Amino acid sequence: MRNLALCIFAALILSSLNIQAQNPKRFFKAGEDFILAGNYQDAIEQLTKAIDLQPDYDKAYLARADAYEKLGMIREAAEDYDRAATFLDKKPEVFYEAGRLYYELADYDKAIDRLDKSISLKRNYVEPYQVKANVLIAQERYEEALEVAHNALTLKENTYNFYLHGTVNVKLGRLESAEADFINAVSEDHQHVPSLLALADVRLRLGKTDFALQHANRAIQFDNENQEAYVIRSKIYVRKLDYPNAIDDVSK
């Protein structure tokens, strides 16, 4: 009888240990630790175990999406944000992350759908407007892109939003408006190389070669390994009939 009681007690202990081992929170914590250690594949395995035990574990989907993205598994990451969004349908950040990744995948319809959901949940959330503008640019829907870029700029006047607005104006052939946008972008951050190069390119098109050269030189000063900067400056030198310097920049 005593032996039977001991067996039952041991079985209960083992059962308790097994339940603890199968606790999804333990797998989730292990996954988080692996992410912090930069071991993303093991993180995915642990987080998948947590999800298998608790299919509505939204934090596990978000963490696994992060691990997938860090491994360059972009579609898997986007799909995990979608799964998390079914449980976090009031969180604009989750829809934004999904939209951002679908844009990266050139899956534009899904990107716009998720970004629109994010914006509908939080009208003053700048980032979804920025990504949506880039999606519309990729689709060559420039008038719509300009409106969305304008919305982003209205919410926040910063370097990137001026740059984005200017980029759309260039696509629409509105060079003077683009010039003003890029000037504002550079005023916000005088070391923002993309804005300096965009301003140099626009001023070259407008025939303002001396100003264009100044901006190209400043861009190279801040990033002397930027190939685009040398290409743009070579075009400026060609316009100025300075062929030796143009050839030198092309060779660089």
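Residues numbered from 1 in each chain as written. Predicted model: local features only at pLDDT ≥ 70, side-chain atom pairs only at ≥ 80, totals over all residues. Heavy atoms only, no water.

On to the overall build of the chain, then. Helix and strand content of the chain: 15 helices and zero strands. In terms of overall dimensions, the chain is more spread out than a globule: its C-alpha atoms have a radius of gyration of 26 Å, far above the 18 Å expected for 252 residues. Within the chain, buried positions represent 44% of all 252 residues. In the chain, once contacts between residues fewer than 6 apart in sequence are set aside, the share between residues at least 24 apart is 45%. If you sum the accessible surface of the chain, you get close to 13900 Å²; carbon and sulfur atoms cover 50% of it. Counting 32 positive and 40 negative side-chain charges, the chain places the centres of these two groups 3 Å from one another. (Helix = DSSP H or I, 4+ residues; strand = E, 2+ residues; numbered from the N terminus. Rg over C-alpha atoms; globule rule 2.2 N^0.38 Å. Buried < 20%, exposed > 50% of the residue type's maximum accessible area, 1.4 Å probe, protein only. Contact = heavy atoms within 4.5 Å. Areas by Shrake-Rupley, 256 points an atom, 1.4 Å probe, with all protein chains shown as cover. Lys, Arg positive; Asp, Glu negative; His and termini not counted. Charge placed at Lys NZ, Arg CZ, Asp CG, Glu CD.)

Scanning the model with the defined rule gives 19 salt bridges in all. For D113, the salt bridge identified is with R114, shortest N-O distance 3.1 Å. (Salt bridge = Lys/Arg side-chain N within 4 Å of Asp/Glu carboxyl O.)

Right, let's get into the confidence of the model for the chain. Looking at the chain as a whole, its pLDDT mean stands at 92, while 92% of the residues score no less than 70. The model gives residues 1-21 a pLDDT under 50, and that stretch makes three contacts with residues more than four places away or in other chains. (pLDDT = per-residue confidence, 0-100.)

We now examine the environment of E97. Along the chain, the position of E97 falls in helix α6 (residues 92-104). Judged by its relative accessible area of 21%, E97 falls in the partly exposed class. Sequence-wise, E97 and P128 are 31 residues apart; in three dimensions their C-alpha atoms are separated by 8.8 Å.

Below, the discussion takes up the nonpolar core. A general trend in soluble globular proteins is that nonpolar side chains are found buried together. Residues F28, I35, A60 and V168 are the most contacted members of the largest nonpolar core, which totals 49 residues. Residue contributions to this core peak at seven residues, all from helix α8 (residues 126-138). The contact partners of I35, leaving out residues within four places of it in the chain, are Y40, A43, L47, A63, D66 and A67. Of all hydrophobic cores here, the second largest spans 24 residues; its members include V170, L175, Y230 and I232. (Core = buried A, V, L, I, M, F, W, Y, C linked by side-chain atoms within 4.5 Å.)

Our next topic: the packing of helix α7 (residues 108-121) against α8. Closest axis-to-axis distance for the α7/α8 pair is 10 Å, and the angle between their directions is 155°. Taken together, the axes of α7 and α8 are roughly antiparallel relative to one another. Note that α7 runs across α8; the crossing there is left-handed. Residues Y108, A111, I112, L115, D116, S118 and I119 of α7 form the contact with α8, whose own contacting residues are P128, Y129, V131, K132, V135, L136 and A138. Along the lines of polarity and charge, the residues of the contact of α7 with α8 split into eleven nonpolar, one polar and two charged. (Axes fitted to C-alpha atoms, helices over the stretch in contact; angles between N-to-C directions. Parallel < 35°, antiparallel > 145°, perpendicular 65-115°, else oblique. Left-handed = near helix turned anticlockwise from the far one by under 90°. Nonpolar A, V, L, I, M, F, W, Y, C, P; charged D, E, K, R; others polar.)

Turning our attention to the environment of F182. In this fold, F182 is placed in helix α11 (residues 175-188). Once the C-alpha coordinates of F182 and A200 are considered, the two residues, 18 residues apart in sequence, prove to be 9.3 Å apart. Not counting the four nearest positions on each side in its chain, F182 is found in contact with Y163, G166, T167, V170, S195, A198, L199 and V202.

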